[in-house]
Amino acid sequence: MVMGDLVIEVDVAVIGGGPGGYSAAFRCAELGLETVVVDAGKRLGGACLWEGCIPSKALLHVAALIEDATRAREIGVEFGEPHVSLDPLRKWKAERVVGRLARGLASVAKTKGVEVIGGRAVFESSRELRVEGDEPQKIRFKHAIVATGSLPSRVPGLPLESDRIMDSTAALELPEIPERLLVIGGGYIGLELGQVYASLGSVVTVAEMTDGLLPGPDRDLVQPLARRCEKLFAKIRLGTTVTSLTERGSAVEARFGGDAVEAFDRVLVAVGRAPVSAGLGLETTRASVDARGVVAVDERCRTADPAIYAVGDVTGEPMLAHRAMRQGKVAGEVIAGRPAAFDNVVVPAVVFTDPEVAWCGLTESQAQRDGRRVQVARFAWAASGRAATLGRSDGVTKLIADPDTGRLLGAGIVGPGAGELIAEAALAVETALTVEDLAATIHTHPTLSETLMEAAEALLQRS
Amino acid sequence: MPRPFALPDLGEGLTEAEIVKVLVGEGDVVAEDAPLLEVETDKATVEIPSPFAGRVARVHIQPGQTVKVGEVLVTFDDSSVASAGQGRGASEPHSPRTPPPAPSPLPRRQPATVANVSEQPVEHAAGGAGRAGASAPAMATGTGIGVGPVPATPATRRLARELGVELRAVRATGPAGRVTDDDVRAAASGSASRSSSLAARVNPAQRGQAVAEPGAAAPTRGGADAERAQVAKPLAPIGAEAPPLPRFEQWGPVQRQPLSHLRRTIAERMALSATLIPHVTHFDRADVTELDAIIRRSVEPARERGLVLTLTSFLLKAAALALKEHPQFNASLDGAAGELILKRYYHLGVAVATERGLIVPVIRDVDRKPLVELQRELATLAQRVREGKATLDDLRGGTFTITNIGALGGTGAIPIINYPEAAILGVARAREEPVVLEGRIVPRTLLPISLTFDHRVADGADGARFAAAIVRRLERPEQLLLDW
């Protein structure tokens, strides 16, 4: 077929089939708009499903199983040494987890009448896209939604060409369990994958440029995680820059800062993600893109081009799938003429390490930087019945409230299950509930959710 | 960072004000506390001073416009001028998302929820894609409002967008300052009726289209003397719905005149009081021959002290002392609680006629002040009211009202109780009349009074006794001069 032969006309063309893209497409279709998704892999799910959230959580589940089995020894249950077979593990991850979810998404798209076109989409104008690849065609659209997501960032000066030097996508493929693994970057991706490999048997070293692990949440919430990492990892090098990586035989030599040199079997580079906006032809539209590649949008996910919207990682931080999904729905509704806006007060964040760290809304350190007066309550899980029965009393639940109105402004939780527990706090902050609302709601006993109630009560007693 | 200044909370019950005058223009540099604008609220014209020193970047309002508490009036430029008296000004939006840089080519207003993004004019937003260092809270009222997102559930925020209501300007009635669905709907119905009547004003002929004969005059709007554009707004409903009016145009030409803010307030208050309170009135007359003589004799000595002694100050004193004996008239009925709220203070309102309408300034602690002081306060307060300079505090907190209709003649009147008070004293003109005293007809000066009170609170006999207590005191004026 000659390119340009086929021109299709749609109401909405969504570029990228990740969580932002498919959420937007589904919402558009539900609201009666004819919608197509152009995805380079001709599949829905994006980095989240194929090389991010889902596969990493699958592997973290395996890591947690191994850790639980190890801990079981302390309470008199012996499973013996775990034996990990990579083939069945990869198969389970690819077919039973990712594959199943992907089939689910595909069938939802079919039900809603959303067509997925394979290929790379390039804007030719504010009205037209050119699709390159296996299914070349042109798409004339009334509205386009850019949902191209992000890719792992590279470290300038460090090569990525060797198989032994992986980004998060490659690491999730679980090519092998290296004896010695260097993780560059102490953020959430580096810590999650570092823990996976450490549990599977690798000797893990983490090198982080700043002077602390996991920037973002309050330090008192990071501390239990840092302690756990110190046990799990062979070494944590803080304030350390990796200046060179050199392949020598079957090993990679890493040079830290000045002189220290160490050899590893594999290296994982996890220094963040960068938006994908280059090569999209956005310069033929009025949408504006900044130097980092972030597409600027307003509260309704509109770019500066009235026909073009953008959602998800390509619109900048925080690059989280749940933010993209909400933005996608907003964009769909706005295009359909509904009064939607991405006016969310909180975008909760979760790090799925052991222990998990989750937070939402205002943090104590942010309040401090702003000079804002807040009330803070920390409830240590040592006093939680449920935590004791789980053998995990190392958690903390923390609330930040407005001293004048008693309104909840933020929350942070560290401990197993924090990612689930944060949902209640997010609802409370998003809906402007007060400390009393939280304290007076009956929480099931004995559960970890009681720690939110306990923290709220601690705040109440003080006022 | 530009600093928005919103209409501050003006106090109990006051949710909006009408802009009378804007005293600054865009680009003006103003000092802290310098007058920014004049607004007419409930019953006073209030000058709003500038909360800080700086350059006025934008004026968002114009005369004649009604603004709600929390609505942004003026945006100040950031300036080198430090904001005096504003201790902690910094407030970074605590939402974890970074404010999106404004798309540059389109000058588009972003109704963002984050204070220092939404109130930021686009010019600035385009420049500062990074982090906003510090911004001032929108208003001086303190908690919550103006700092960070407006507390409301996502569903409520959506409703606000649907109804075109600026959430930040909605008066919150929910717990901890939360804006509820009802608050948004109330705000929307306010602005909807306003815009519909605006449309009517722009196109008055449309209103007249129902006129059958082409020759019939369409209603004209506003008087020739209407100083400023008045926007007609419906009165707040008080339960009973008024039936539709007939088309008066069928009988002759009519003119439609929007009510002033003050007129509307009076109309709403009176309708509220007359509808809610079962009024009952007791008439009496006081022999003020002696009091009249004292006032006459005191004219000279009083003037030397810079005073004009009037009957009103004696009425105030007499009423306050009588109220102490009959506390149920210095009260408010709390129907919902089933309680009578007896006030242990005696702040008396005096109705003052002004060219704009009736205004009731309040004199505080009448029972504890010597008569001469009452007289002095009364004079300065009345003057402030007539000049439209009364502050809100001058007009609030009354427990009982006196209205003197004597100056305009008549033999008596039944005033309407100043809600939520329990009683009002009406005073007509004192006249010399023939009175039979110890078998002889003698000329005496008699003052007709009417005591109108809430029949839910007191019965006829109580009213008669309370009125008699006032009369008794007016008839022994020397006692009033000493009692406090």
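Keep in mind that this is a model prediction, so the values were computed, not measured.

Points about the overall build of chain B
Along chain B, the regular secondary structure elements total 12 helices and 21 strands. When burial is assessed residue by residue, chain B has 35% of its 484 residues classed as buried. If you take every contact in chain B between residues at least 6 apart in sequence, the share linking residues at least 24 apart comes to 65%.

Points about the overall build of chain A
Counting secondary structure elements, chain A contains 13 helices and 22 strands. When burial is assessed residue by residue, chain A has 51% of its 463 residues classed as buried. For chain A, long-range pairs separated by at least 24 residues make up 66% of all intrachain contacts whose partners lie at least 6 apart in sequence.

Notes on the sheet that holds strand S20 (residues 375–380) of chain A
In a beta sheet, neighbouring strands are held together by backbone hydrogen bonds and run either parallel or antiparallel to one another. Residue and element names in this part refer to chain A. If you trace the 5 strands from one edge of the open sheet to the other, you get S18-S19-S22-S21-S20, paired in antiparallel fashion. Strands at the two margins of the open sheet, each flanked by one partner only, are strand S18 (349–351) and S20. Pairs of neighbouring strands in the sheet enclose a mean axial angle of 10 degrees, with direction left out of account. When S18 meets strand S19 (residues 357–361), the two strands line up antiparallel, connected through 3 bridges. Bridge pairing in S19 links valine 350 to alanine 358. Packing against the sheet, helix H13 (residues 450–462) makes contact with S20 and strand S21 (396–401), and its axis sits at approximately 135 degrees to S20.

Observations regarding the packing of helix H1 (residues 19–30) of chain A against helix H4 (residues 86–112) of chain A
Residue and element names in this part refer to chain A. At a minimum axis separation of 10 Å, H1 and H4 run at an interaxial angle of 25 degrees. In terms of axis orientation, H1 runs roughly parallel to H4. Helix-helix and strand crossings are classified by hand; for H1 and H4 the assignment is left-handed. Here Tyr22, Phe26, Ala29 and Glu30 of H1 lie close against H4, whose contacting residues are Leu105, Val108 and Lys112. The residue inventory of the contact of H1 with H4, partitioned by class, reads 5 nonpolar, no polar and 2 charged.

Regarding H4 of chain A
Side chains of residues three or four places apart in an α-helix project in the same direction, reflecting 3.6 residues per turn. Residue and element names in this part refer to chain A. Between its first and last C-alpha, H4 extends 37 Å over 27 residues, near the 39 Å set by a 1.5 Å rise per residue. If you look at H4, its biggest bend is around 35 degrees, right at glycine 99. Count one or two residues on from H4 and you reach glycine 113, which has phi positive near 75 degrees.

A few points about the packing of H1 of chain A against helix H8 (residues 321–335) of chain A
What describes two packed helices is the angle between their axes and the distance between those same axes. Residues and elements named next belong to chain A. Interaxial distance between H1 and H8 falls to 7 Å at its minimum, and their mutual angle equals 30 degrees. With respect to H8, the element H1 is oriented roughly parallel. In the packing of H1 onto H8, the handedness of the crossing is right-handed. Every residue of H8 that contacts H1 at Pro19, Gly20, Gly21, Ser23, Ala24, Arg27 and Cys28 is listed here: Ala321, Ala324, Met325, Gln327, Gly328, Lys329, Ala331, Gly332, Glu333 and Ile335. Classifying every residue of the contact of H1 with H8 gives 8 nonpolar, 6 polar and 3 charged.

Describing the nonpolar core
By size, the foremost hydrophobic cluster in this structure holds 158 residues, and its most contacted members are Ile145, Val267 and Ile422 of chain A. No other element matches the 8 residues that helix H6 (residues 188–200) of chain A contributes to this core. Core analysis: the next-biggest nonpolar cluster, separate from the first, contains 49 residues, Val288, Tyr346, Val360 and Val457 of chain B among them.

So, the confidence of the model for chain B
Residue and element names in this part refer to chain B. Of the residues in chain B, 72% have a pLDDT of 70 or more, and the chain-wide mean is 75. Of the regions scoring below 50 in pLDDT, residues 79–146 engages in 148 contacts with residues more than four places distant in sequence or in other chains. Overall, residues 192–229 carries pLDDT values under 50, and its contacts beyond four positions in sequence, including any with other chains, amount to 44 contacts. Here the predicted complex scores 0.58 on pTM and 0.80 on ipTM.

Let's talk about helix H11 (residues 460–474) of chain B
Residues and elements named next belong to chain B. Over its 15 residues, H11 extends 21 Å from the first C-alpha to the last, a length consistent with the 21 Å expected when each residue adds 1.5 Å. Three or more residues of H11 are buried, namely Gly463, Phe466, Ala467, Ile470, Arg473 and Leu474. For H11, the buried positions fall inside an angular range of 125 degrees around the axis, keeping them on one side. Buried residues belonging to H11 abut strand S11 (279–287), helix H7 (289–304), helix H8 (311–325), strand S19 (423–427), strand S21 (440–454) and helix H12 (477–482).

Here's the deal with the pairing of S21 of chain A
Consecutive side chains along a regular strand alternate between the two faces of the sheet. Residue and element names in this part refer to chain A. With 6 of 6 residues buried, S21 lies mostly within the body of the structure. Sheet analysis places S20 next to S21, joined by 6 bridges and oriented antiparallel. In the strand pairing of S21, alanine 380 is matched with valine 396. Two strands pair when backbone bridges link them, and S21 and strand S22 (residues 408–414) are joined in this way by 6 bridges, in the antiparallel orientation. Each residue of the ladder has a partner; that of alanine 401, found in S22, is leucine 408. Taking the residues between adjacent antiparallel strands as the criterion, S21 and S22 are bridged by 6 residues, where glycine 406 takes a positive phi near 75 degrees.

Description of the sheet that holds strand S10 (residues 203–207) of chain A
Residues and elements named next belong to chain A. If you walk across this open sheet you meet the 5 strands as S8-S15-S9-S10-S11, and the pairing is parallel. Strands at the two margins of the open sheet, each flanked by one partner only, are strand S8 (165–166) and strand S11 (235–237). Bridge count between strand S9 (residues 180–184) and S10: 5 bridges; the pairing is parallel. Among the inter-strand pairings, valine 183 is bridged to a residue of S10, identified as valine 206. In this fold H6 packs onto S9, S10 and strand S15 (266–269), with an angle of close to 165 degrees to the strand it touches most, S10.

Digging into the pairing of S22 of chain A
Residue and element names in this part refer to chain A. Counting buried residues along S22, 7 of its 7 residues qualify, which places the element largely inside the surrounding structure. Of the pairings in the sheet, the one linking S19 to S22 comprises 5 bridges and is antiparallel in character. Along S22, the bridge assignment pairs cysteine 360 with alanine 411.

Topic: the environment of glycine 190 of chain A
Residue and element names in this part refer to chain A. As for its placement among the helices and strands, glycine 190 is situated in helix H6. On the basis of neighbour counts, which here come to 25 C-beta atoms within 10 Å, the residue glycine 190 falls in the buried class. Here the alpha-carbon distance between glycine 190 and leucine 214, two residues 24 residues apart in the chain, equals 9.2 Å. With near-sequence residues (within four places) excluded, glycine 190 lies in contact with Val183, Gly185, Val206, Leu268 and Ala270.

Basis of the calculations
Residues numbered from 1 in each chain as written. Chains lettered and ligands numbered in written order. Predicted model: local features only at pLDDT ≥ 70, side-chain atom pairs only at ≥ 80, totals over all residues. Helix = DSSP H or I, 4+ residues; strand = E, 2+ residues; numbered from the N terminus. Buried ≥ 20, exposed ≤ 12 C-beta atoms within 10 Å, placed from the backbone. Contact = placed C-beta atoms within 7 Å. Pairing = 2+ DSSP bridges. Axes fitted to C-alpha atoms, helices over the stretch in contact; angles between N-to-C directions. Parallel < 35°, antiparallel > 145°, perpendicular 65-115°, else oblique. Left-handed = near helix turned anticlockwise from the far one by under 90°. Nonpolar A, V, L, I, M, F, W, Y, C, P; charged D, E, K, R; others polar. Expected span 1.5 Å × (residues − 1). Bend = angle between axes of the 7 residues up to and from the residue. Core = buried A, V, L, I, M, F, W, Y, C linked by C-beta atoms within 7 Å. pLDDT = per-residue confidence, 0-100. Arc of directions from axis to C-beta.

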